[in-house]
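Chain residues, written in single-letter form:
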Amino acid sequence: MTERTLILVKPDGVKRALSGEVLRRIEAKGYTLVAVELRKATPELLAEHYAEHVGKPFYDPLVAFMLTGPVLAVVAEGERVIEGFRSLAGATDPTVAAPGTIRGDLARAWDLPVIHNIVHGSDSPESAEREIGIWFPGL
Ligand code: DAT
Ligand code: MG
C-alpha cells in the first residue's frame, strides 16, 4: 500500500550540506517527494513532534539541538516508505548504524548530551500521520 512518511534533515545535516545527499538517497530508492521545505523549528512545534520523549534525559538537549539551525522537512511517498526510510536511515546510534545507511555513512558519535544523526523518519503509520499534520498542516 502506498503511504507517506515525514522525514527531517536535522540541523547537523543541513549545516554539513547533506540535504541534497539525503534527498538523493530517498529518490534513488524510488520514493516520490511530496513536499520539501527548509524551515526553522520552534519550541512549540518540537514539543509536539517529540511528545513521546518528554521527560527523558536527552529531551531538553534534543530540542535545543533541533533549534540550532534550519531543518529540511520532507514528505515522501511510496510502497512501505515508513519502514523503507527507517531502513535507509539506519540505527539511532550512528556509531553502530550499518555502513550503507545515511547515519552509518555520514554520522558518528558526538561528545554531546544528544545524538546528532542527520535525519528523522516517522516510525509507524500513526506517527507519520501525526507528524505530517504537525509540519505540513495543509497536506
Ligand atoms: P530515532 O530518531 O532513531 O527514531 P528516537 O525516536 O528514539 O530515535 O530518539 C529521537 C532522537 O533523540 C534520536 O534521533 C537521537 C536522540 N536520542 C535518542 N536516544 C538518545 C540517547 N539515549 N541519548 C542521547 N540522544 C538520544
Ligand atoms: Mg523516533
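In this report, the structure presented in the accompanying data block is examined.

The rules behind these values
- Every chain's residues receive numbers from 1 upward, in the order its sequence appears when written.
- Each chain gets a letter, beginning with A, and each ligand a number, beginning with 1, in the order they are written.
- In view of the model being predicted, local features appear only for residues whose pLDDT reaches at least 70, and side-chain atom pairs are presented and counted only at 80 or more, with totals across whole chains, interfaces and linings using the full set of residues.
- Only hydrogens and water are set aside; all other atoms, that is, all heavy atoms of the structure, feed into the side-chain values.
- Put simply, a residue is near a molecule or strand once any heavy atom of it comes within 4 Å of that molecule or strand.
- Two N or O atoms form a polar contact when they lie within 3.5 Å of each other; inside protein one atom must be a possible hydrogen donor and the other a possible acceptor, and for residues adjacent in sequence the pair counts only when both atoms belong to side chains.
- We get accessible surface area from the Shrake-Rupley algorithm with a probe of 1.4 Å; when it comes to residues, only the shown protein chains can shield them.
- Any residue that is not Ala, Val, Leu, Ile, Met, Phe, Trp, Tyr, Cys, Pro, Asp, Glu, Lys or Arg is counted as polar, Gly included; the first ten are nonpolar and the last four charged.
- We count a stretch as a helix when DSSP gives it H or I for four or more residues in a row; a strand needs E for two or more, and each element gets its number in order from the N terminus.
- Relative accessibility under 20% of the residue-type maximum defines a buried residue, over 50% an exposed one, and the middle range a partly exposed one, all with a 1.4 Å probe and only protein chains included.
- DSSP-based pairing: two strands are paired if at least 2 bridges between them are found.
- Geometry is summarised by axes, namely lines fitted to C-alpha atoms with helices restricted to the contacting stretch, and by angles between N-to-C directions that run from 0 to 180 degrees.
- The contact definition used throughout considers only heavy atoms, calling two residues in contact when any of these lie within 4.5 Å.

## Focus on the site of ligand 1
Moving on, step 1. What surrounds ligand 1 is the set Lys-10, His-53, Phe-58, Leu-62, Arg-86, Thr-92, Arg-103, Pro-113, Val-114, Ile-115 and Asn-117.
Moving on, step 2. In this structure, Thr-92 approaches ligand 1 through a side-chain N or O atom, which is 2.5 Å from an oxygen atom.
Moving on, step 3. One of the side-chain nitrogen or oxygen atoms of Arg-103 is found 3.1 Å away from an oxygen atom of ligand 1.
Moving on, step 4. For ligand 1, whose free accessible area comes to 520 Å², the fraction covered by protein is 77%.
Moving on, step 5. Looking at side-chain class alone, the shell around ligand 1 contains 5 nonpolar, 3 polar and 3 charged residues.

## What about unusual backbone geometry?
One can expect most non-glycine residues to show negative phi and most peptide bonds to be in trans.
Moving on, step 1. With a phi angle near 60°, Ala-17 is a residue other than glycine that sits in the positive phi range.
Moving on, step 2. Tracing the backbone through its elements, the reader meets Ala-17 in the loop between helix H1 (11-15) and helix H2 (19-29).
Moving on, step 3. With a phi angle near 50°, Arg-80 is a residue other than glycine that sits in the positive phi range.
Moving on, step 4. Among the secondary structure elements, Arg-80 is positioned in the loop between strand E3 (71-79) and helix H5 (81-89).
Moving on, step 5. On the basis of relative accessibility, which here comes to 52%, the residue Arg-80 falls in the exposed class.

## Focus: the sheet that holds E3
Moving on, step 1. Taken in spatial order, the 4 strands of this open sheet run E2-E3-E1-E4, and their pairing is antiparallel. Looking at the sheet topology across the chains shown, the edges are occupied by strand E2 (32-39) and strand E4 (119-121). Taking the axes of each pair of neighbouring strands and ignoring which way they run, one obtains an average angle of 20° across the sheet.
Moving on, step 2. As paired strands, strand E1 (residues 2-9) and E3 are joined by 8 bridges and run antiparallel to one another. Paired with Glu-3 across the bridge in E3 is Gly-78.
Moving on, step 3. On the sheet, helix H7 (residues 125-135) packs against E1, E2, E3 and E4 and is oriented at approximately 55° with respect to E1.

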